[in-house]
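Report on the structure
Residue strings, one per chain:
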Amino acid sequence: MKEIKGFTTFHLKIIALVLMVIDHIGEFLPGMPGWLRYVGRLSAPLFFFCMCWGLEYTKNRKRYLLRLYLASVAMALLWCGLEIVFPFFAGYGPAYSAYNENNIFSTLFITAVFITILTRFKGWKRACLFSGVLLWEFAVGYLMVFGSLPETLSLPPVLVSAFLGSLFTCDGGCFACLLGILLYFLKNGKRKLAIGYAAWCLIVEVYLRPVQPVALWINGLYEQWAGTGRGDLFFTVSEWVYTLVVGNPPGAAGMGKWPAWSCQWLEIGALPFMLLYNREKGRSWKWFFYVFYPLHLAALFIIGSLFA
């Protein structure tokens with residue numbers, strides 16, 4: 001029997017899944033220690049890394065993208081159903097949970113669309129498609145947050161975000177998508193991957209994430225001025241600065257209680273697992289991961305709601 005050295009795609013997905021469950025236990029269940037969220041910082045980069053190689057090896061990229069999109073919409077529908085039965089969950093603030101709810105499928109889909117445009121098209125066609133999608137994302141982001149699009153359509157924001165593939169209100173925000181794109185172009189060389197990913201963690205997660213207190217301070221000005229009718233400009237500026245710089249969805253600037261944001265740099269811990277990837281697929285439990293993700297979130301959501 002041939003000995004497989006290093007980690008296959010299957011191994012990385014299992015590792016990411018275990019870390020994800022640990023993270024979500026810390027997120028959903030009351031009274032859990034903060035270090036559970038710290039451990040969970042390694043999960044998303046590993047899933048993005050696996051998605052990048054999945055795009056490389058899939059026989060039908062259109063079907064791959066469609067599968068991610070449908071999984072994103074199904075996840076949003078599940079959240080809507082859960083929130084009907086459990087209308088309040090103390091672990092979230094209404095501004096944050098309204099948009100994305102933990103739907104990594106949406107982030108993976110949007111990231112895969114940008115990667116496909118950048119790698120499958122050339123010249124003016126690539127430039128036009130990329131510009132068109134980017135304009136779409138800014139328009140959707142504006143209508144979602146400031147244009148009251150969900151209310152106009154009489155649909156929950158999380159569902160509208162998933163249906164329209166909103167970059168700015170997906171799980172993790174635009175920075176998560178940027179990380180996925182970066183990993184795709186770094187994945188073929190271990191030295192390039194190590195230097196590039198470490199630089200990302202240093203520049204983005206160590207130096208840019210600490211601007212969060214500034215964003216919260218600006219948002220605090222809005223809270224103080226809102227009663228005078230002069231807070232709209234502060235609200236608009238603070239929310240979009242927070243989104244573009246910190247990389248979290250609009251509406252999250254007032255959520256200062258999330259310990260995971262201050263320790264996002266710990267995702268550097270995912271690098272050794274990436275470097276040990278052997279470019280082998282391993283076992284194919286494709287549908288297991290698509291099914292396990294929503295089921296475990298639903299279970300933790302219900303348990304957390306009951307004990308909140």
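Look above for the structure.
Below is a summary of the structure that appears in this document. (Residues numbered from 1 in each chain as written. Predicted model: local features only at pLDDT ≥ 70, side-chain atom pairs only at ≥ 80, totals over all residues. Heavy atoms only, no water.)

Further remarks concern the overall build of the protein chain. In terms of regular secondary structure, the protein chain is built from 16 helices and zero strands. Expressed as a percentage of contacts within the protein chain between residues at least 6 apart in sequence, the contacts between residues at least 24 apart total 78%. (Helix = DSSP H or I, 4+ residues; strand = E, 2+ residues; numbered from the N terminus. Contact = heavy atoms within 4.5 Å.)

Here the focus is a nonpolar patch on the surface. Together, Ile-303, Leu-306 and Phe-307 make up an exposed nonpolar region whose accessible area comes to about 350 Å². You can see Phe-307 is positioned in helix H16 (residues 286–307). (Patch = residues over 30% accessible without salt bridge, like charges linked within 9 Å, V, L, I, M, F, W, Y side chains within 5 Å. Areas by Shrake-Rupley, 256 points an atom, 1.4 Å probe, with all protein chains shown as cover. Salt bridge = Lys/Arg side-chain N within 4 Å of Asp/Glu carboxyl O.)

Turning our attention to helix H9 (residues 157–164). All of the buried residues along H9 are Val-158, Leu-159, Val-160, Ser-161 and Ala-162. In this fold, the buried residues of H9 make contact with helix H4 (61–85), helix H7 (123–145) and helix H8 (149–153). Count one or two residues on from H9 and you reach Gly-165, which has phi positive near 65 degrees. (Buried < 20%, exposed > 50% of the residue type's maximum accessible area, 1.4 Å probe, protein only.)

For the rest of this paragraph, the subject is unusual backbone geometry. Located in the positive-phi region is Arg-279, a residue other than glycine, with phi close to 65 degrees. Structurally, Arg-279 can be placed in the loop between helix H15 (271–275) and H16.

Turning next to the pattern of salt bridges. Side chains that differ in charge, positive against negative, can pair when their charged atoms come close. Using the criterion set out here, one finds four salt bridges in the structure. The salt bridge partner of Asp-23 is Arg-37, with a shortest N-O separation of 2.6 Å. Taken together, the residues span a long stretch of sequence, with Asp-23 in helix H1 (residues 9–28) and Arg-37 in helix H2 (residues 35–39) at a distance of 14 residues. Each of the two residues, Asp-23 as well as Arg-37, counts as buried. Between Arg-41 and Asp-23 there is a salt bridge whose closest N-O contact spans 2.8 Å. Of this pair, Arg-41 sits in the loop between H2 and helix H3 (43–57) while Asp-23 is found in helix H1, placing the two residues 18 residues apart along the sequence. Look at Asp-23 and you get buried, because its relative accessible area is 8%.

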